Amino acid sequence: MNRNIAFLELKYGNIYGGYPNFYAIKEICLLVFEPHTNRVFMETFTNTSDVDMVSVYSRVDELGNTKERVREVVNMRTNRTRPFDEEYHLGEQDLDHEFAKLRNTKRYIKGFFMKNLRKYRFQDIVTFDGRRDVFLCEKGGADFRRYYIHDLQKEITKETNYLFSLNKLSKVIGFDFDGGNLRSNNLMYRLHPIAANQIYPKSAALDAARLLMVHEEFRNHKDDFLMKAALLLNKIEVSKKV
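Throughout this description, residue numbers start from 1 for each chain and increase along the sequence as written. Local features are withheld for residues below a pLDDT of 70 in this predicted model, meaning they are given only at 70 or higher, and side-chain atom pairs are given and counted only at 80 or more; totals for whole chains, interfaces and linings count all residues. Values reported for side chains reflect all heavy atoms of the structure, with hydrogen atoms and water molecules removed beforehand.

Engineer: Help me understand the side chain of E72, please; the structure alone is not making it clear to me.
Structural biologist: By the element assignment, E72 lies in strand β5 (residues 66-75). At a separation of 3.4 Å, a polar atom in the side chain of E72 contacts the side chain of K202. We call two residues contacting when some pair of their heavy atoms lies within 4.5 Å. Discounting residues that sit within four places of it in the chain, E72 has contacts with M53, V54, S55, Y57, T81, R82, F84 and K202. Elements are defined by DSSP. Helices are runs of H or I of four residues or more, strands are runs of E of two residues or more, and each kind is numbered from the N terminus. Distance and chemistry together define a polar contact, namely a pair of N or O atoms within 3.5 Å, with one atom able to donate a hydrogen and the other to accept it when in protein, and with adjacent residues in sequence counting only for side-chain atoms on both sides.

Here it is, written out as structure tokens:
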């Protein structure tokens, strides 16, 4: 595959105190990679609605194992965080007020995709366990009908017979970002400062960058990838016995 590829990652969560099955998008990152030039382009949408969202992330050990699933409350506008209270619930009137703040989000998401799907030439979109990501984008107005959507997690699971998380795969490939370059066991891509500045901890851009590097290691250095994946699984099994 020597044509341009896009990588899609989202950050989303429930409205704090709201319905558990309603998700609001906080960030969208669309990373576009040109294999023939090794150039990386990154476009990020950030929702700045004054809404408190429940963010869930994993604390991991040195092998990528999840030690703890952490829930915290993040304000989309300020990015300020506060502790999550499981007993906290909004009344219907307050919840309607929060929905009203999100009313324009669909227009902004649709505009983000209309602009960038025209701007970059690609047909393939890679996700990682991305069924909900794609659903939320389409619900927001994205039109993916002309694109081929690949779930890299499914492909790697078929190859390894193990459901790897992106955290574990980042360990497999030796992912590193030094502020200007993306590095892995066999690869290095230099980023333009505009792209590099979008990458920070817990961001959709960081996940998109990790997804790119996993994809390229898996596609172009498969034997090494599978060997290092097997080594990691062996270390994980050994650690369980200690």
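Engineer: It is not clear to me how the pattern of salt bridges should be interpreted in this structure. Could you clarify?
Structural biologist: Proximity of charged atoms lets side chains of opposite charge pair with each other. Only one rule defines a salt bridge in this text: a Lys or Arg side-chain nitrogen within 4 Å of an Asp or Glu carboxyl oxygen. Within the structure shown, the criterion is met by 17 salt bridges. Among the ionic pairs, K228 bridges to D224, the shortest N-O distance being 2.6 Å. A residue pair is termed a helical-turn pair when its members lie 3 or 4 positions apart in one helix, as K228 and D224 do in helix α8 (residues 222-241) at four residues. Connected via shared salt-bridge partners are K11, D207 and R210.

Engineer: Help me understand the layout of surface pockets in this model?
Structural biologist: Site definitions follow a grid-based scheme: protein atoms alone, a 1 Å grid, a 1.4 Å probe that fits but cannot get out for cavities, and for pockets an open set with protein on both sides within 12 Å along at least five of seven lines, plus lining residues having an atom within 4 Å of a point. Grid points are joined across faces, edges and corners, and a volume is the space filled by probe spheres set on the points. Approximately 310 Å³ is the volume attributed to the second largest pocket. Lining the second largest pocket are 14 residues; nearest its centre among them are F22, Y23, L102, T105 and K106. Taken together, the elements giving at least two residues each to the lining of the second largest pocket come down to β2 (23-34), α2 (105-119) and α3 (131-139). Three classes are used, and their members are as follows: Ala, Val, Leu, Ile, Met, Phe, Trp, Tyr, Cys and Pro are nonpolar, Asp, Glu, Lys and Arg are charged, and the others, Gly among them, are polar. Counted by class, the lining of the second largest pocket contains eight nonpolar, three polar and three charged residues.

Engineer: Honestly, the sheet that holds strand β8 (residues 148-151) in this entry has me stumped. Any pointers?
Structural biologist: Adjacent strands of a sheet form backbone hydrogen bonds with each other and so pair up, either parallel or antiparallel. Pairing is mixed in the open sheet, where five strands are placed in the order β3-β2-β1-β7-β8. Strands at the two margins of the open sheet, each flanked by one partner only, are β3 (39-46) and β8. Adjacent strand axes in the sheet meet at a mean angle of 25 degrees when their direction is disregarded. Pairing analysis gives 10 bridges linking strand β1 (residues 5-14) to β2, with the strands arranged antiparallel. In the sheet register, E9 faces β2, and the bridge partner there is C29. Angles here are taken between N-to-C directions and fall from 0 to 180 degrees, while the axes themselves are lines fitted to C-alpha atoms, restricted in helices to the stretch in contact. Sheet strands touched by α3: β1, β2, β7 (124-127) and β8. Its angle to β1, the strand with the most contacts, is close to 85 degrees. The sheet contacts of helix α4 (residues 152-160) involve β7 and β8, and relative to β8 the element is tilted by about 50 degrees. Pairing between two strands is assigned when DSSP locates at least 2 bridges connecting them.

Engineer: How do you make sense of the packing of aromatic side chains when you look at a structure like this?
Structural biologist: Centre-to-centre distance and the angle between the planes together describe a pair of aromatic rings. The aromatic pairing rule takes the rings of Phe, Tyr and Trp, using the six-membered ring of Trp, and pairs them if the centres are within 6.5 Å, calling planes under 30 degrees apart stacked, those over 60 edge-to-face and the rest tilted. Following the criterion strictly, the structure yields 13 aromatic pairs and no others. Seen in terms of ring centroids, Y19 and F99 are 6.2 Å apart; in terms of plane orientation they differ by 25 degrees. Their pairing is stacked. Of this pair, Y19 sits in the loop between β1 and β2 while F99 is found in helix α1 (residues 92-101), placing the two residues 80 residues apart along the sequence. Exposure categories follow from relative accessible area, calculated using a 1.4 Å probe and restricted to protein chains: below 20% of the type maximum is buried, above 50% is exposed, and the middle band is partly exposed. By relative accessible area, which is 36% here, Y19 ends up partly exposed. Ring geometry for F33 and Y189: centres 5.0 Å apart, planes at 50 degrees, overall tilted.

Engineer: I would appreciate a short explanation of α8 in the present structure.
Structural biologist: An α-helical turn contains 3.6 residues, so any two residues separated by three or four positions project in the same direction. Helix span, as expected, comes to 1.5 Å for every residue beyond the first. The first and last C-alpha atoms of α8 sit 29 Å apart over 20 residues, in line with the 28 Å expected at 1.5 Å per residue. Turning to α8, its buried residues number three or more, namely F225, A229, L232 and I236. Taken around the axis of α8, the buried residues stretch over an arc of 60 degrees, which confines them to a single face. Structural note: α8 exposes D223, K235 and K241 on the side pointing more than 90 degrees away from its buried face. If you follow the buried residues of α8, they end up packed against α4, α5 (166-173) and α7 (204-220). Of all possible arcs, the one meant is that of the directions from the helix axis to the C-beta atoms.

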